[in-house]
Amino acid sequence: RKIDAVKMLLQKFYNTADEALIEKIHERFIHNMTTHYEQDSTLSPLPFVEETFADLKQRGVKIALNTGFPRSIADTILRKLNWEEGKTIDAVIASDEVPEGRPHPYMIRSVMQQLQVTDSNAVAKVGDTEVDVQEGRSAGCGLVVSVTTGAYSRGQLEQYKPDKIIDSLAELSSLIQ
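Residues numbered from 1 in each chain as written. Predicted model: local features only at pLDDT ≥ 70, side-chain atom pairs only at ≥ 80, totals over all residues. Heavy atoms only, no water.

**Side note on a nonpolar patch on the surface**
Consideration 1: Together, Leu9, Phe13 and Tyr14 make up a nonpolar patch on the protein surface, roughly 390 Å² of accessible area in all.
Consideration 2: A relative accessible area of 56% means that Phe13 is categorised as exposed. (Patch = residues over 30% accessible without salt bridge, like charges linked within 9 Å, V, L, I, M, F, W, Y side chains within 5 Å. Areas by Shrake-Rupley, 256 points an atom, 1.4 Å probe, with all protein chains shown as cover. Salt bridge = Lys/Arg side-chain N within 4 Å of Asp/Glu carboxyl O. Buried < 20%, exposed > 50% of the residue type's maximum accessible area, 1.4 Å probe, protein only.)

Below you can see the structure in the form of structure tokens.
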């Protein structure tokens, strides 16, 4: 959760955990990010995301997104991409809607409940960071996939031991049965 990141940074660099200051910085962050995404004319999905979603949905696979962003930022991004919950994707959960964000399993468990998925072995967690892998493991996902389209290289992701590492989301459909 971004509010937790703000708190960690203030503690590390300024030796303070002033709750009012944390909240003020977090509110400014939300405002700035929402404004940025609302005004960003270049915002677009990563290559092959929409094709992969369409293929998986056609095969009856439910698509859920989870994010460390607060819901207000997530909703802004989804609107900008024209991704409708119930159409393009089946569910969305943001870290401010659960007790704790990644690496804890709350977001995955919440979307499982929303989508009436009872077996975590039937869930594939896809992400591009160490905490994505940890989240998938803590939720007991049957498949944990790392993708190199984020900040981490293949070599960096290998050390976190995902089940698979892919270089493009075009590779995802073939991994999901």
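**Quick word on the sheet that holds strand E5 (residues 164–166)**
Consideration 1: Taken in spatial order, the 3 strands line up as E3-E4-E5 in an open sheet, and their pairing is parallel. Only two strands of the sheet have a single neighbouring strand rather than two, namely strand E3 (124–127) and E5. Ignoring strand direction, the axes of neighbouring strands in this sheet form an average angle of 20 degrees.
Consideration 2: Of the strand pairs in this sheet, E3 and strand E4 (residues 143–147) are connected by 4 bridges, and their pairing is parallel. When the bridges of E4 are listed, Gly127 appears paired with Ser146. (Pairing = 2+ DSSP bridges. Helix = DSSP H or I, 4+ residues; strand = E, 2+ residues; numbered from the N terminus. Axes fitted to C-alpha atoms, helices over the stretch in contact; angles between N-to-C directions.)

**Some remarks on the pairing of E4**
Consideration 1: Burial analysis of E4 places 5 of its 5 residues in the buried class, the great majority of the element.
Consideration 2: On E4, burial covers both faces: Leu143, Val145 and Val147 on one face and Val144 and Ser146 on the other are all buried.
Consideration 3: What joins E3 to E4 is helix H6 (residues 130–138), and the crossover it makes is right-handed. (Right-handed = clockwise from strand over helix to strand, strands pointing away.)

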